[in-house]
Amino acid sequence: MLRWFIVVFLALMCISWLSPLLRRIGFGRLPGDFRFRLGGRDWDVPLASTLLLSFVASLIAKWI
């Protein structure tokens, strides 16, 4: 179970680091992706994009 927490944490960190690049491609604007301003800072919660990217990653892992 700890392994899954680490994997999810690393995946969310990678997506947050790559979010400016992914936003140019179109990720982060899907229905289910939340963006809000709190305390003078923009916060992104890319739920739908995360699910889509994890699905693609699982397909790639299954084929390899």
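How each quantity is defined
Residues numbered from 1 in each chain as written. Predicted model: local features only at pLDDT ≥ 70, side-chain atom pairs only at ≥ 80, totals over all residues. Heavy atoms only, no water. 1 Å grid on protein atoms, 1.4 Å probe; cavity = no way out; pocket = protein on both sides within 12 Å on 5 of 7 lines; lining within 4 Å. Points joined across faces, edges and corners; volume = space filled by probe spheres on them. Helix = DSSP H or I, 4+ residues; strand = E, 2+ residues; numbered from the N terminus. Nonpolar A, V, L, I, M, F, W, Y, C, P; charged D, E, K, R; others polar.

Empty space within the largest pocket amounts to approximately 420 Å³. Lining the largest pocket are 20 residues, with Ser-19, Arg-23, Asp-44, Val-45 and Pro-46 positioned closest to its centre. Of all the secondary-structure elements, those providing two or more residues to the lining of the largest pocket are helix H1 (2-25), strand S1 (33-38), strand S2 (41-46) and helix H2 (47-63). Of the residues that constitute the lining of the largest pocket, the class distribution is 9 nonpolar, 4 polar and 7 charged. In this structure, the second largest pocket spans a volume of roughly 180 Å³. As for the second largest pocket, its lining consists of Trp-4, Val-7, Val-8, Ala-11, Leu-12, Ile-15, Thr-50, Leu-53 and Ser-54. Within the residue set of the lining of the second largest pocket, elements represented by two or more residues are H1 and H2. Sorting elements by how many residues they give to the lining of the second largest pocket places H1 first, with 6 residues. Tallied by class, the residues present in the lining of the second largest pocket amount to 7 nonpolar, 2 polar and no charged.

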